[in-house]
Amino acid sequence: MRILAYIGAAVLAQLAAFGRLSIFTAQAVSHLARPPFYWREFVTAVVQIGWFSLPVVGLTAFFTGGALALQIYAGGARFSAEAVVPQIVAIGMVRELGPVLVGLMIAARVTSSIAAEIATMKVTEQIDALVTLSTHPMKYLTLPRVLAATLVMPVLVGIGDIIGIFGGFVVGVERLGFNSSAYLKNTVDFLQVHDITSSLVKGAVFGFVAALMGCYYGMGSDRGAMGVGRATKGSVVAAAVLILAANFALTEAFFST
Amino acid sequence: MITLRDVHKSFGSNHVLAGVNLTVPQGENMVVIGGSGSGKSILIKSILGLVKPDSGQITVGGQDVTTGDRDAFLARFGMLFQGGALFDSLPVWQNVAFRLLRGALKRPRDQARDIAIEKLRRVGLSADVADRLPAELSGGMQKRVSLARAIAAEPEIIFFDEPTTGLDPIMAGVINDLIREIVTEMGATAMTITHDMTSVRAMADRVAMLHGGVIRWTGPIADLDNSGDPHVDQFIHGRAEGPIATLR
Ligand SMILES: Nc1ncnc2c1ncn2[C@@H]1O[C@H](COP(=O)(O)OP(=O)(O)OP(=O)(O)O)[C@@H](O)[C@H]1O
Ligand SMILES: [Mg+2]
């Protein structure tokens, strides 16, 4: 009986957390329809999330594309299918690795910094100060960041896809002896619009999740430095898990036949 | 006029406010004194709705603070937070002019900046701090920037949470005079929290002492020295012995 009560309490706590998150999400989105919109905060968020993430996105994608090419070559060689490297690299990057890796890097880089910043603002009463200055924290802090991440992430993922394919191309041509124009032709011929759409949609969803988790955990931070630390950790874990879960759901939606 | 009726607020088993009754008359400065941790900051935060009281009623100008348009309500207030609460991503002048750069009171940027610099001057800060970030200022300077922000939009009701804590005696005098001036010249209604008895005497119209979750004593400043309340006497003379325990 004890165990049942224990499980019941845990389930209830999870449901309550889910309810809180849903309300928070609905509130954040609803502010989109209610003026004012803080352009300055939005543009700052676009630069912070988009522009400054380019180096880490580029490096991650490049090395992953290269490693992917090596593995596919090694694996394919066992049943003399080495020739499929360009196609599989393209599909692997665009459909899965591009969006997921960029999403996780954004969770590490952007979610954590949003959560730490907002949590610190909460702890130092800056959020209370915003309220007393007639500025809604959801409008001023959450909406610009969530919207910026949602719009910028497809671009980042697109760039990540291209650089990842390029990483595979460099390894393919330099190390594995592929003909460069044949490699490119195979890649372009094989990819379909559907693959690219799925990649960009995933990017938008992951961007939304990443920024939303940062704001949600930041706003809910406890007092003190420990509170900020907990909020930051919680936000990154939640963003990463939700991104991977959403990725599964989206793959199911786009590619299951 | 601000009225609190039987306001209660607890954090777990810590009953911070246990039935507070208080009236702040229009156009006067009500100074709230009381030991550290007695709930003074919570008291003014509950008037602003930043903390939700568990029970009781708070009215401002006869209107219940939990009803009506919240934006319009908050637009009448200015608040100096105990910790300053400056936005550390914005330069000093944008902090001061925050209300003037967005929302209902929005005006052109250069005009907002001029007002900010004027308000900074009134709290004893020169124009060259305007473009610095809050993190580059000393604690006392941050406090004064925060004070400038609280008064920038010339609100009708202003709360000052320890405006002179951390300031040198001369600067504390400047701030005391400034608050006195804002109340008498602009006709603002104010509540000021302070531990500094010099400040109390320099700027109070009325004094209220918060102790044990209730207002122990309240009255005009002239009556402070013969309040007849041992708690007040112990507090204003800073005695270790008396009804207020020193371990809390
Ligand atoms: N968010 C909170 N959660 C839990 N307890 C709190 C919270 N805020 C304040 N308290 C408690 O409420 C009590 C009153 O706090 P408050 O900040 O109002 O004190 P104060 O009178 O302003 O003290 P000081 O003069 O030191 O600023 C304290 O015991 C504090 O521990
Ligand atoms: Mg306080």
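Keep in mind the model is a prediction, meaning the values are calculated, not measured.

Can you explain the nonpolar core? Please cite residues and give values.
Core analysis: the biggest nonpolar cluster contains 81 residues, and Ile2, Leu4, Val20, Leu22, Phe159 and Met191 of chain B have the highest contact counts within it. By residue number, the principal contributor to this core is helix H6 (residues 137-174) of chain A, which donates ten residues. Mapping this core onto the domain boundaries places at least three of its residues in each of domain 1 (1-34) and domain 2 (37-255) of chain A. Among the nonpolar cores identified, the runner-up in size contains 35 residues, and Ala112, Ala130, Ile151 and Ala152 of chain B belong to it.

Run through the site of ligand 1, naming residues and quoting values.
What surrounds ligand 1 is a group of 15 residues, the closest being Ser36, Gly37, Lys40, Ser41 and Gln82 of chain B. In this structure, ligand 1 sits where chains A and B come together, each supplying nearby residues. In this structure, an oxygen atom belonging to ligand 1 sits 2.8 Å away from a main-chain N or O atom of Gly37 of chain B. Glu162 of chain B places a side-chain nitrogen or oxygen 3.3 Å from an oxygen atom of ligand 1. Here ligand 1, which alone exposes 640 Å², has 69% of that area covered by the protein. Those elements that place two or more of their residues in the shell around ligand 1 are strand E2 (14-24) and helix H1 (40-48) of chain B. Per-element tally for the shell around ligand 1: the top contributor is H1 of chain B, with three residues. Partitioned by chemical class, the residues of the shell around ligand 1 number three nonpolar, nine polar and three charged.

Give me the lowdown on the sheet that holds strand E7 (residues 157-161) of chain B, citing residues and values where you can.
Residues and elements named next belong to chain B. In space, the six strands of this open sheet follow the order E6-E7-E8-E3-E9-E10, with mixed pairing throughout. The open sheet is flanked by strand E6 (77-80) and strand E10 (214-220), the only strands paired with a single partner. Put simply, the sheet's adjacent strands are angled 15 degrees from each other on average, direction ignored. Direction of pairing for E6 relative to E7: parallel, over a ladder of four bridges. Among the inter-strand pairings, Gly78 is bridged to a residue of E7, identified as Ile158. Against the sheet, helix H5 (residues 139-152) touches E6 and E7, its axis set at about 175 degrees to E6.

Describe in detail the coordination of the magnesium ion (ligand 2), supporting the description with residues and values.
In ideal tetrahedral geometry, four donors around a metal make angles of 109.5 degrees, whereas ideal octahedral geometry with six donors gives angles of 90 or 180 degrees. Residues and elements named next belong to chain B. Every protein donor of the magnesium ion (ligand 2) is listed here as Ser41 (OG) and Gln82 (OE1), and their distances to the metal cover 2.0 to 2.1 Å. Placement of Ser41 in helix H1 and of Gln82 in the loop between E6 and helix H3 (92-96) is noted, with a sequence separation of 41 residues between them. Look at Gln82 and you get partly exposed, because its relative accessible area is 35%.

What counts and how
Numbers given to residues run from 1 along each chain, matching the order in which its sequence is written. Lettering of chains starts at A and numbering of ligands starts at 1, both following the order in which they are written. This being a predicted model, a pLDDT of at least 70 is required before a residue's local features are given, and a value of 80 or more before pairs of side-chain atoms are given or counted; all residues contribute to the totals for chains, interfaces and linings. Water and hydrogen atoms were dropped before computing side-chain values, which therefore reflect all heavy atoms in the structure. Only buried residues count toward a nonpolar core, which is a set of Ala, Val, Leu, Ile, Met, Phe, Trp, Tyr and Cys residues joined through side-chain atoms within 4.5 Å. Relative accessible area decides the class of each residue, using a 1.4 Å probe on protein chains only: under 20% of the type maximum gives buried, over 50% gives exposed, and in between gives partly exposed. Helical segments are the DSSP runs of H or I of at least four residues, strand segments are the runs of E of at least two, and each set is numbered from the N terminus. In this entry, domain limits derive from an automatic or database-based domain assignment. A single heavy atom is enough: if one lies within 4 Å of a molecule or strand, its residue is considered near that molecule or strand. Here a polar contact is recorded for every N or O atom pair within 3.5 Å, except that within protein the pair must consist of a potential hydrogen donor and a potential acceptor, and residues adjacent in sequence are included only if both atoms are side-chain atoms. Accessibility throughout is a Shrake-Rupley quantity obtained with a 1.4 Å probe, and a residue counts as covered only by protein chains that appear here. Gly is put with the polar residues, along with every residue not named as nonpolar or charged; the nonpolar set is Ala, Val, Leu, Ile, Met, Phe, Trp, Tyr, Cys and Pro, and the charged set is Asp, Glu, Lys and Arg. By definition, two strands form a pair when at least two bridges between them are found by DSSP. All axes here are fitted lines through C-alpha atoms, helices being fitted over the stretch that makes contact, and every angle between N-to-C directions spans 0 to 180 degrees. Residue contacts are counted whenever heavy atoms from the two residues lie within 4.5 Å of one another. The rule for donors is simple: an N, O or S atom within 2.8 Å of the metal counts, and for Na, K and Ca the reach is 3.2 Å. Water is not among the atoms, so a site may look short of donors.

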